[in-house]
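Understanding the architecture of this molecule
Chain by chain, the residues run as shown.
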Amino acid sequence: MCYWELLWCYALRAEWLSAVKYAEKLACESQWSQATYRYMKAAFLIQYLDDPGTSIPTPSEKDHASDHSYGPFKNRDEILQHVDKLLLEIPNLMHRFAGRSLPLEKVALRKSKRYFAQDKKLTLPALEIIFIWNGFKMIQCQQDSVMSFLMICENKINELLQRKDQYENYYDDYSLALLLKGVCLRCRGQAFQASMCFQEILQLRRKLKMDTYLVPFAEMELCQLSYEEGDMQQTAKHLERALNMKGYSLESRLHFRMHEMEAKLELHKRNQLGAYKLKKSGSENQLPRTPQADSLSGSSVNVIGALSKGEQPIDNSIDVDAPSPLPMFPDFDDGDFEEIDDFSSEGSAEVFP
């Protein structure tokens with residue numbers, strides 16, 4: 001596992017020869033997939049020779065070139081011979097688990113055959129491996145690495161345009177370079193330029209002969225762009241298009257990304273529904289205001305404002321005819337009390353002689 005992690009640490013920094021070192025260790029000590037390890041080693045070596053940032057000496061400078069320019073190899077020809085040997089061994093190293101081959105071994109077998117069929121050329125094989133293993137997601141915050149990969153893609157696209165007749169599968173190679181360029185642009189936050197790259201791949205879909213997997217992967221990249229921009233309708237649209245495509249290479253690996261995006265859309269939908277219910281319940285809990293309450297509150301405000309200014313408050317209340325309140329005790333005349341006094345005096349004389 002440490003060798004595997006170290007391999008990716010160096011590969012994501014474009015240190016291809018160091019990545020080759022750990023790919024060799026994995027090929028010698030691990031029994032997981034010898035075909036995958038050998039193809040990764042060959043891809044890193046091819047990328048090392050094609051990388052414009054690598055100081056490869058010209059034929060006139062070979063006498064002055066130092067041996068360590070090619071790492072453990074003596075010269076460029078020795079590297080190419082080693083690549084040929086690695087790719088020739090891949091068909092004999094294929095394994096089947098439960099009657100099925102590993103998707104990455106299928107890619108290695110197809111690319112090895114294509115290498116020899118098109119005059120020993122492969123387009124950006126190391127960057128393609130990084131993309132397949134979702135490596136760009138790990139370096140999205142490392143803009144230096146993203147920029148170096150973007151420059152590699154730009155140089156390769158210019159080379160393809162200048163030597164279009166020399167590539168048997170030109171549209172496949174060009175679309176692959178466009179896809180990798182678009183991913184780099186997306187990692188740099190240049191959404192519009194990235195979208196143009198992916199849209200161009202969709203326009204070239206009928207001209208692709210071998211790398212048909214580029215079309216659904218481009219759809220998923222557009223889906224990711226729409227999600228990052230907050231356009232959920234377009235996100236669902238691109239996701240549905242990608243789901244409807246069947247029978248292409250690396251389909252099972254792309255399904256992981258599809259399921260992840262489906263989960264994100266479902267979570268977003270659930271959050272939107274929860275917010276709507278919360279807003280609706282909050283509006284229902286508020287008591288309705290009656291016109292009478294509004295008039296009373298308005299009149300009280302007017303009274304308070306008038307008193308603060310020292311003015312006479314204006315009575316805006318409506319006059320209502322109501323009966324006058326009755327007194328708590330009845331009113332008595334003086335004559336009533338005199339009769340009571342006479343009665344009490346007469347009664348007392350009779351009772352007490």
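Now for a quick tour of the structure.

Thresholds applied
Residues numbered from 1 in each chain as written. Predicted model: local features only at pLDDT ≥ 70, side-chain atom pairs only at ≥ 80, totals over all residues. Heavy atoms only, no water. Helix = DSSP H or I, 4+ residues; strand = E, 2+ residues; numbered from the N terminus. Polar contact = N/O pair within 3.5 Å; in protein donor to acceptor, adjacent residues only side chain to side chain. Contact = heavy atoms within 4.5 Å. Core = buried A, V, L, I, M, F, W, Y, C linked by side-chain atoms within 4.5 Å. Buried < 20%, exposed > 50% of the residue type's maximum accessible area, 1.4 Å probe, protein only. Salt bridge = Lys/Arg side-chain N within 4 Å of Asp/Glu carboxyl O. Phe/Tyr/Trp six-rings, centres within 6.5 Å; stacked < 30°, edge-to-face > 60°. Lys NZ or Arg CZ within 6 Å of the ring centre and 35° of its normal. Disulfide = S-S within 2.5 Å. Patch = residues over 30% accessible without salt bridge, like charges linked within 9 Å, V, L, I, M, F, W, Y side chains within 5 Å. Areas by Shrake-Rupley, 256 points an atom, 1.4 Å probe, with all protein chains shown as cover. Lys, Arg positive; Asp, Glu negative; His and termini not counted. Charge placed at Lys NZ, Arg CZ, Asp CG, Glu CD. Axes fitted to C-alpha atoms, helices over the stretch in contact; angles between N-to-C directions. Parallel < 35°, antiparallel > 145°, perpendicular 65-115°, else oblique. Left-handed = near helix turned anticlockwise from the far one by under 90°. Nonpolar A, V, L, I, M, F, W, Y, C, P; charged D, E, K, R; others polar.

**Thoughts on the side chain of Asp 211**
Mapped onto the elements, Asp 211 comes out in the loop between α9 (191-203) and α10 (214-228). In this structure the side chain of Asp 211 is engaged in a polar contact, spanning 2.7 Å, whose partner is the side chain of Arg 114. Apart from the residues lying within four places of it in its own chain, the contact partners of Asp 211 are Arg 110, Lys 111, Arg 114 and Asp 172.

**A word on the nonpolar core**
Counting residues in hydrophobic clusters, the biggest one holds 89 residues, and the most contacted among them are Trp 16, Phe 44, Leu 127, Phe 136 and Phe 149. Not counting residues up to four positions away in its chain, the partners in contact with Trp 16 are Ala 11, Phe 44, Gln 47, Tyr 48, Asp 51, Ala 126, Leu 127, Ile 130 and Phe 149.

**Description of the pattern of salt bridges**
All chains considered together, the criterion is met by 16 salt bridges. Between Glu 228 and Arg 186 there is a salt bridge, with its nearest N and O atoms 3.5 Å apart. One end of the pair, Glu 228, is in helix α10; the other, Arg 186, is in helix α8 (residues 170-187), with 42 residues separating them in the sequence. Accessibility expressed as a relative area gives 11% for Arg 186, which makes it buried.

**Thoughts on the packing of aromatic side chains**
Taken as a whole and assessed by the stated rule, the structure comprises 16 aromatic pairs. Aromatic side chains Tyr 3 and Tyr 22 sit 6.0 Å apart centroid to centroid with 40° between the ring planes, which places their arrangement in the tilted category. On the criterion of sequence distance, the pair formed by Tyr 3 in helix α1 (residues 2-11) and Tyr 22 in helix α2 (residues 16-29) is long-range, its members being 19 residues apart. Sitting above the plane of the Tyr 167 ring, Lys 121 keeps its charged end 4.9 Å from the centroid.

**As for unusual backbone geometry**
Phi angles above zero are rare outside glycine, and Ala 14 is one such case at about 60°. Positionally, Ala 14 belongs in the loop between α1 and α2. Not every positive phi belongs to a glycine, and Leu 124 is a case in point at roughly 45°. In this structure, Leu 124 sits in the loop between α5 (103-117) and α6 (125-132).

**Describing the state of the cysteines**
Working definition: the covalent bond between the sulfur atoms of two cysteines is a disulfide. Taken as a whole and judged by the stated rule, the model has zero disulfides. The structure places no disulfide on Cys 197, whose sulfur is separated from the nearest cysteine sulfur, that of Cys 153, by 9.4 Å. You can call Cys 197 buried: its relative accessible area is 6%.

**Re a positive patch on the surface**
Among the surface-exposed residues, Arg 205, Arg 206, Lys 237 and Arg 241 lie close enough to one another that they form a single positively charged patch. Tracing the backbone through its elements, the reader meets Arg 241 in helix α11 (residues 232-243). Residue Arg 241 is classed as partly exposed on the basis of its relative accessible area, which comes to 38%.

**Side note on the packing of α1 against helix α3 (residues 34-50)**
Running from N to C, α1 and α3 cross one another at 20°; their axes reach a closest spacing of 13 Å. As summarised for this structure, α1 and α3 are arranged roughly parallel, according to the angle between their axes. The crossing of α1 and α3 is left-handed. Packed against α1, whose contacting residues are Trp 4, Leu 7, Trp 8 and Ala 11, the element α3 presents Tyr 37, Met 40 and Phe 44 at the interface. Considered class by class, the residues forming the contact of α1 with α3 number seven nonpolar, no polar and no charged.

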